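# Fold and contact review
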Amino acid sequence: MGVSEPLDPLAKTALWTASMRAREHEREDRLFSDPLARVFAGTEGPRIMVQFEGSVQSGVEDPALAVRTRFLDDWLLRLDRRGLRQFVFLAVGMDSRAFRLPWSPGVVVFELDRPALLSLKDDLVGSAAAQSLCARVPLGVDLLAEWTEPLVESGFDQAMPTGWLLEGLLYFLDPQERDLLVEQLSGLSAPGSCLLADYVGQSVLDSPGMASWRARMAEQGYPWKSGSDDPERLFEGFGWDVQVSAYGEPHADYGRWAGATVAPGVPGTRGRYLLVGEQGQGGKAVRR
Ligand SMILES: C[S@@+](CC[C@H](N)C(=O)[O-])C[C@H]1O[C@@H](n2cnc3c(N)ncnc32)[C@H](O)[C@@H]1O
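Fair warning: this is a prediction, and the values are worked out from it, not measured in the lab. (Residues numbered from 1 in each chain as written. Predicted model: local features only at pLDDT ≥ 70, side-chain atom pairs only at ≥ 80, totals over all residues. Heavy atoms only, no water.)

Our next topic: the overall build of the protein. Counting its secondary structure elements, the protein contains 11 helices and 7 strands. Within the protein, buried positions represent 55% of all 288 residues. A sequence separation of at least 24 residues applies to 79% of the contacts in the protein between residues at least 6 apart. Surface exposure of the protein reaches about 12,000 Å², of which carbon and sulfur atoms provide 53%. (Helix = DSSP H or I, 4+ residues; strand = E, 2+ residues; numbered from the N terminus. Buried < 20%, exposed > 50% of the residue type's maximum accessible area, 1.4 Å probe, protein only. Contact = heavy atoms within 4.5 Å. Areas by Shrake-Rupley, 256 points an atom, 1.4 Å probe, with all protein chains shown as cover.)

Following this line, the structure appears as structure tokens:
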């Protein structure tokens, strides 16, 4: 294994989500199979997971990660069946979908994240002798700086429809950073492209019930900086028709949400949710 650069605090959240996926993989009633997650989580991932569950959620397992992973798996495979062959996972972290989903021949997955994180991931992939099930193109970038040119230079085809995945990312961006990122990816989106993401309601984010969570996240160096109470309008502004599924709605439940004691809601708002954006009529998504 090579000697990887230290990870910044935000990159370490990828080890945390890997640890939650490893735990899900080990359940008899698992919503998905993720054999690499334990390798990707290392020792740091379980440590962060336990620390958060102990201090914020009193040992309660948050079902959101399992539900969102399965929901997004299902959507990615639906897009594959529709004929999409180009996918870009922004802030991919230790997501192992390139290695575990049954992709059709010809699929290429661009994996974008910080260089240090991807370098560690490559070391771990090598040590596990894991083989991707698609053409996987890791690309170390800063998504808050210039990333579109390196993407195009690494083979991204602007003429092809793209499946964009923004999982575990948007709430770490402030509104300006979020808008710029969505504007950039929208400008690269050929007709037929689709955008998948998870996000949070701004009112819920600002509610007293979220205060200790937010404080803890900020203390650790990865504050949640934004949400949206009106994602339809937000994304429509960039040319996307968005369907929103709040966790716990019938197609975003998978038998896990009922009785969950996390994600306190504020009446009239949608708490945490999953987004599916389709290109509106008229070609490339543009800000409108
Ligand atoms: C919570 S993890 C989510 C990882 C993965 N998408 C998942 O759901 O497991 C957040 C990821 O965002 C990445 N990230 C945050 N800001 C970034 C930036 N400016 N440029 C590149 N990656 C970034 C981090 O390195 C980290 O891998």
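Resuming the write-up.
What follows deals with helix H8 (residues 175-187). For H8, built from 13 residues, the straight-helix expectation of 18 Å at 1.5 Å per residue is met to within 8% by its first-to-last C-alpha distance of 18 Å. For H8, the elements touching its buried residues are strand S1 (86-90), helix H7 (148-153), strand S4 (162-166), strand S5 (194-200), helix H11 (231-236) and strand S6 (240-246). A side-chain oxygen of the first residue of H8 lies 3.0 Å from the backbone nitrogen of Gln176; this N-cap is Asp174. (Expected span 1.5 Å × (residues − 1). Polar contact = N/O pair within 3.5 Å; in protein donor to acceptor, adjacent residues only side chain to side chain.)

Following both chains from N to C, one finds helix H1 (residues 9-25) and helix H4 (residues 64-82) inclined at 85°, their axes separated by 10 Å at the closest point. Looking at the two axes, H1 sits roughly perpendicular to H4. When H1 is examined against H4, the residues Thr17, Met20, Arg21 and Glu24 are found in contact with a partner set consisting of Leu65, Ala66, Arg68 and Thr69. Along the lines of polarity and charge, the residues of the contact of H1 with H4 split into 3 nonpolar, 2 polar and 3 charged. (Axes fitted to C-alpha atoms, helices over the stretch in contact; angles between N-to-C directions. Parallel < 35°, antiparallel > 145°, perpendicular 65-115°, else oblique. Nonpolar A, V, L, I, M, F, W, Y, C, P; charged D, E, K, R; others polar.)

Time to look at the site of the ligand. Taken together, 19 residues form the shell around the ligand, and within it Arg21, Ala91, Asp113, Leu143 and Glu167 come nearest. Side-chain polar atom of Asp113 to an oxygen atom of the ligand: 2.6 Å apart, as the coordinates give it. Measuring from a nitrogen atom of the ligand, one finds a side-chain N or O atom of Asp142 at 2.9 Å. The protein chains hide 98% of the 590 Å² of surface that the ligand would expose on its own. No other element matches H1, which puts 6 residues into the shell around the ligand. (Near = heavy atom within 4 Å.)

What follows deals with the pairing of strand S3 (residues 135-140). The pairing of strand S2 (residues 108-113) with S3 spans 6 bridges and is classified as parallel. Among the inter-strand pairings, Phe110 is bridged to a residue of S3, identified as Val137. (Pairing = 2+ DSSP bridges.)

On to the pattern of salt bridges. All chains considered together, the criterion is met by 26 salt bridges. Glu44 is the salt-bridge partner of Arg47, the closest N and O atoms lying 3.1 Å from each other. Placement of both Arg47 and Glu44 in helix H3 (residues 44-55) is noted, with a separation of 3 residues, approximately one turn of the helix. Given the relative accessible area of 44%, Arg47 is considered partly exposed. Residue classification places Glu44 among the partly exposed residues on the basis of a relative accessible area of 23%. One salt bridge in this structure joins Arg114 and Asp142, with 3.6 Å as the shortest N-O distance. With a gap of 28 residues between them, Arg114 in the loop between S2 and helix H6 (115-127) and Asp142 in the loop between S3 and H7 connect regions that are remote in the sequence. Salt bridges linked by common partners bring Arg21, Asp34, Arg68, Asp73, Asp95, Arg97, Arg100, Glu167 and Asp198 together as one network. (Salt bridge = Lys/Arg side-chain N within 4 Å of Asp/Glu carboxyl O.)

Inspection of the secondary structure puts Leu144 in the loop between S3 and H7. Between the C-alpha atoms of Leu144 and Leu180, which are 36 residues apart in sequence, the distance is 8.5 Å. Each residue touching Leu144, except ones within four places of it in the same chain, is listed here: Leu173 and Glu177.

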